[in-house]
Amino acid sequence: MSSYQPPSASGSPRFCNMGNFMRLPKAENAKGLDFAIVGIPFDTAASFRAGARFGPNGIRNISAMIKPNNVAMGVNIMDELKGADLGDVPVIPDYIHETYTAIEEVLTGVLNEGAVPISFGGDHAVTLGELRAVHKKHGKVALVHFDSHLDLCDTVFGQKYNHGTPFRRAMEEGLIDPSHSIQIGMRGSLYDPDDFKIAAELGFKVIPGDELHKMTPEELAEEIIKRVGDMKVFLTFDIDFIDPAYAPGTGTPEVGGFTSYEALQYIRNIKDLSFVGFDVVEVAPPYDHSEITAYMAANLAFEFMSILAYQKKKK
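Please read these numbers as outputs of a predicted model, since none were measured by experiment. (Residues numbered from 1 in each chain as written. Predicted model: local features only at pLDDT ≥ 70, side-chain atom pairs only at ≥ 80, totals over all residues. Heavy atoms only, no water.)

A. Layout of the overall build of the protein. When helices and strands are counted, the protein shows 10 helices and 10 strands. Relative to the 2.2 N^0.38 estimate, which gives 20 Å for 315 residues, the radius of gyration of the protein is 18 Å and therefore close to what a compact globule would have. Dimensions of the protein, computed from C-alpha atoms along their principal axes, come out at roughly 60 × 45 × 40 Å. The proportion of buried residues among the 315 residues of the protein is 57%. Restricting to contacts in the protein with at least 6 residues of sequence separation, those with at least 24 account for 79%. Looking at the protein as shown, the accessible area adds up to about 13,500 Å², and 51% of this sits on carbon and sulfur atoms. Taking the average place of the 29 positive charges on the side chains of the protein and the average place of its 42 negative ones, the gap between the two points comes to 6 Å. (Helix = DSSP H or I, 4+ residues; strand = E, 2+ residues; numbered from the N terminus. Rg over C-alpha atoms; globule rule 2.2 N^0.38 Å. Buried < 20%, exposed > 50% of the residue type's maximum accessible area, 1.4 Å probe, protein only. Contact = heavy atoms within 4.5 Å. Areas by Shrake-Rupley, 256 points an atom, 1.4 Å probe, with all protein chains shown as cover. Lys, Arg positive; Asp, Glu negative; His and termini not counted. Charge placed at Lys NZ, Arg CZ, Asp CG, Glu CD.)

B. Structural context of the side chain of R169. Take R169: it is sitting in helix α5 (residues 166–172). There is a polar contact of 2.7 Å between the side chain of R169 and the backbone oxygen of K160. (Polar contact = N/O pair within 3.5 Å; in protein donor to acceptor, adjacent residues only side chain to side chain.)

C. Main features of the layout of surface pockets. Estimated volume of the largest pocket: approximately 820 Å³. The wall of the largest pocket is formed by 28 residues, among which H149, C153, L190, Y191 and D195 lie closest to the centre. In terms of residues, the lining of the largest pocket owes the most to one element, helix α6 (residues 195–201), which gives 4 residues. Split into classes, the residues belonging to the lining of the largest pocket amount to 11 nonpolar, 8 polar and 9 charged. When its volume is computed, the second largest pocket comes out at roughly 230 Å³. In terms of lining residues, the second largest pocket is bounded by D34, L81, G114, V116, F275, L308, Q311, K312 and K315. (1 Å grid on protein atoms, 1.4 Å probe; cavity = no way out; pocket = protein on both sides within 12 Å on 5 of 7 lines; lining within 4 Å. Points joined across faces, edges and corners; volume = space filled by probe spheres on them. Nonpolar A, V, L, I, M, F, W, Y, C, P; charged D, E, K, R; others polar.)

D. Examining the packing of helix α3 (residues 96–112) against helix α4 (residues 126–138) more closely. Their axes nearest at 8 Å, the elements α3 and α4 cross at an angle of 40°. Taken together, the axes of α3 and α4 are oblique relative to one another. Our pair here, α3 against α4, has a crossing hand that is right-handed. Where α3 approaches α4, its residues Y100, I103, E104, L107, T108, L111 and N112 are matched on the opposing element by V126, L128, G129, E130, R132, A133, V134, K136, K137 and H138. The residue inventory of the contact of α3 with α4, partitioned by class, reads 8 nonpolar, 4 polar and 5 charged. (Axes fitted to C-alpha atoms, helices over the stretch in contact; angles between N-to-C directions. Parallel < 35°, antiparallel > 145°, perpendicular 65-115°, else oblique. Left-handed = near helix turned anticlockwise from the far one by under 90°.)

E. Broad picture of the pairing of strand β10 (residues 274–281). Burial within β10 is extensive, with 7 of its 8 residues counted as buried. When strand β5 (residues 116–121) meets β10, the two strands line up parallel, connected through 3 bridges. Considered in β10, the bridge of I118 is made with F278. Bridge count for strand β9 (residues 232–238) against β10 is 7 bridges, and the pairing is parallel. Looking across to β10, one finds that F237 is bridged to V280. Read from β9 through helix α9 (residues 260–268) to β10, the crossover connection turns out right-handed. (Pairing = 2+ DSSP bridges. Right-handed = clockwise from strand over helix to strand, strands pointing away.)

Take a look at the structure:
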């Protein structure tokens, strides 16, 4: 029998490993790379609309539109960096702890090679697995978190592990330092009016959406830099930070958000932080129109890659 057979769907879900980001080379590991693309197509921790399991594939498909030169940042990413797409983590739908183990194993391999992981979710629960791997390599890190939700619930549906709980667990596990972490863009109706107060009591700094709308990108950057200090940083970006007019394809959209242009400016203005990882999560292609949400996510990843190129070029 030929060895060139498609993987069995009983061992690898059909929505895994369907394309490469920006048509980058496919690689088996991160050896010799500056960054590695990793898909995490897990969405069974979502509390409302599922579909983010198709996020990595959707982001990769539309990423063929992206060229390597970032004129605003003054870099050609592939002139400065070596990167490849490592495909998807072998997630196990409905089994979150086994999936966390798989995420941690894959990202540990990336980090041990000295590469920066750039991950595509999946729902926001996957970030906990990423942070476990980052902690093994770098210790406790600062979290810079763009989102419309805090994701600091203690439980959802009585369960400790959900896309609404990852940063409560990360704090409890000592993976992140709340006193150097910042959550940005939170908005929308709430069950508990004290959610922001609870976040502050846990040690996090929160810049709600209404406050952010009154700030310039430079003012936000100043707040982030002051908060982070000299710590290493994990940047996590939930696509529902963007207003649903610009990014409708997500599971729990919130109106009153931010434009695609504003989001790019927010990222570019924190280009001097010491980043050790990045993810963009909650892209749900079944609710997307003309792939605009996936394209927004692809461009956010490109901006992060541009930051890595900018930093390497400066050295």
